[in-house]
Structure formats: C-alpha cells, structure tokens
Amino acid sequence: MANRQPSRCASLLFGVSFLCLFFHIRFVPMKKEIIKETGISAVRSIFGAVPFAGGVLNEIFFDFRSRVKQNRINAFAEMLADFFVEHAEIDTESLKTEEFSDIFESVVRRVMLTKSKEKHVRYRDILIQHVFEPHKSVENAETYLDLIATLDEMAIRILAVHGQFSIDYARLELELMKTEGNARKEQNNIEKLKQSYPIKEDKLKIYEQAKSKFDSEAEVIRQEITDRQAFRKAEYFEISDSEFLYYKQTLYSKGLLIDKGFGTFGGSTPFLRMWVTDFGQQFLNFITDQG
C-alpha cells in the first residue's frame, strides 16, 4: 500500500494535543513516577492516532535514541508549562489553527535534534509569540528556524547589534538631515543680510547664533553615529579578530549581512562596514517579534 501523508487535521491534533497534555500534567498533583508513565502513554496514544505519521513519530520519539530525544522534549514541554502557569487565562482551544499547528510541528522537530538550552529558549519564545497570535503568518518559518539551528548565540548577537544600529542610524540620519538643513537655511539668511545696506547687525547676530546652534547639534549627532559603531570592532563582543571575521563572513554567506564599504569609491577593508539586509531584519523580527 502506498504511503499516505498525514492529514492537516491529524497534524493539528498532534500539535495541540501535545501542548495541552503537558499543560494538563503540570496541574494534576501526581507522583513523579505516575506523571512520567502517564505522559509516555498519553503521547504514544496521540502519536498512534495520527495516520501513517503515528508509527513514524513513535519510532522517532521512543525507539531511535528515545531517551535523549524524549528528555529534550520533556524539558521543552516543562518550559512551555511554566509559561502556561503564568498565563492561565489562555484558552488552548484558540490554538487550533493551521498556522499554529505548522509552527508547533516545525519547532518540536528541531527541539529534539539539539541539546542547546539557548536554542530551546528561542524556540519556546517563538511558540509563545504564536500562542498570543495563533493566526500569525508562518511564511518563511522553516528558513528562519533552520537559521536558529545553524547559527550560534554569538552569531545571532552580532546580527542583532547590526540590526539595532540600522534602526538607530535611520533615525539619526533623519535628525542630521533636518539639522543640517536648518543650518543651511540660517547661512542663506546670513548671506542675504550681508548683501543688504546698511547691514542690520542685531538681526545678523540672531542668524549667526542660530546657525552656530544647528552646527553644534549636527556635530553631536555625527559623533553619536560614530560612537554607536563601536560594535564594528571585535573587542566590543570580547572575541578575537579572526572569530569576528568568521562570524561576519558566515552571516554574509547566509544573506543576513551585506558589505557596504568594500568596492565603493574610497572603500574600506572587506567585511569591515557590514549592514543588516532586509532578510536579516526579517529574521530578527521573527525571533524577537520587534517588527
């Protein structure tokens, strides 16, 4: 008989039932041994109820490196349970959406493939985002989850700092343009006034003071832009130059950073002036929900 792919309904049942199972166990006052046996039996029943995939999931979770993978899933479920303890008002029935089912399954698959607690926390935080927004789009989720799996925490931190600078720079650039524009306006007023006769010294002094004020403000903004680029040196992250270069090259190869300095007129050293790409910012939005 030809293999059949699990139905969307069955996948949804797996995702929501698994979450609800541990949420329920968290609140039922049973001895540790009973909780463990109840959990294993219940999860086996849930997986077994999924057409075709049930046997595969049982094999993955319980037969192939079962103890290691099950411990990872149990630990992850405990983190989720802690969240539900703090948010008892959440109705798990609201999680029965196609979008949440998709992201849940994708996350659980990756949880059992890594022992990194840092990555488990990131996966948990992503699920929490979707608990609050069960219909939230999961477009490109597989790509983003793969990036979490392959990038270590230092790489993500370096990307995040570059992303924050891009946001700050956009704001500071607008402030600088506005301030420089005001300075030019006052300079035009000064030049026009000097062409008149007799020159109104009191008015000229007002224009000159205004221009000096805007010039000073512009210089403060320029200095702030410079100061905020301390992250372009390895010392900022307390790593070696070679490590920093490796991380930037890795992020560049994945399309998360771009080199805006190298190859331009009067350009700089390769991989020195890196900027986050649109794709990189979308990835940061995905893992931090800041977008």
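Position numbers for residues count from 1 along each chain, tracking the sequence in the order it is written. Local features in this predicted model are restricted to residues of pLDDT 70 or higher, and side-chain atom pairs are both shown and tallied only at a pLDDT of 80 or more, whereas totals for entire chains, interfaces and linings draw on every residue. No hydrogens and no water enter the side-chain calculation; it runs on all heavy atoms of the structure.

Asker: An account of the packing of helix α7 (residues 141-150) against helix α11 (residues 278-288) is needed here, citing residue identities and associated values.
Answerer: Every angle, taken between N-to-C directions, lies between 0 and 180 degrees, and every axis is a line fitted to C-alpha atoms, over only the stretch in contact when it is a helix. Helical segments are the DSSP runs of H or I of at least four residues, strand segments are the runs of E of at least two, and each set is numbered from the N terminus. Remark: α7 packs on α11, axes separated minimally by 10 Å, with the N-to-C direction vectors making an angle of 85°. Comparing their axes, α11 and α7 come out roughly perpendicular. Contact residues: α7 offers A141, T143, Y144, L145, L147 and I148, while α11 offers F279, Q282, F283, F286 and I287. Each residue is assigned to one class: nonpolar for Ala, Val, Leu, Ile, Met, Phe, Trp, Tyr, Cys and Pro, charged for Asp, Glu, Lys and Arg, and polar for all the others, Gly among them. In the contact of α7 with α11, the residues fall into nine nonpolar, two polar and no charged. In what follows, roughly perpendicular refers to angles from 65 to 115 degrees, roughly parallel to angles under 35, roughly antiparallel to angles over 145, and oblique to any angle outside these ranges. Throughout, a residue-residue contact means that at least one pair of heavy atoms, one from each residue, lies within 4.5 Å.

Asker: Give a detailed account of unusual backbone geometry, specifying residues and quantitative values.
Answerer: One non-glycine residue, E238, lies in positive phi territory at about 60°. Within the element layout of this structure, E238 appears in the loop between α9 (201-227) and α10 (241-253). Take E238: its relative accessible area is 74%, and that puts it in the exposed class. The phi torsion at F271 lies on the positive side, around 65°, for a residue other than glycine. With respect to the helices and strands, the residue F271 is situated in the loop between β1 (257-259) and β2 (274-276). With a 1.4 Å probe rolled over the protein chains alone, any residue whose accessible area is under 20% of its type maximum counts as buried; one over 50% counts as exposed, and the rest are partly exposed.

Asker: Could you give an account of the pattern of salt bridges, with specific residues and numbers?
Answerer: Here, a salt bridge means any side-chain nitrogen of Lys or Arg that lies within 4 Å of a carboxyl oxygen of Asp or Glu. The tally for this structure, following the rule as stated, stands at twelve salt bridges. Residue R109 pairs with E142 through a salt bridge whose shortest N-O separation is 3.2 Å. A residue pair is termed long-range when its members are at least 10 positions apart, and R109 in helix α5 (residues 98-111) and E142 in helix α7 qualify at 33 residues. Judged by relative accessible area, R109 falls into the partly exposed class, the value being 39%.

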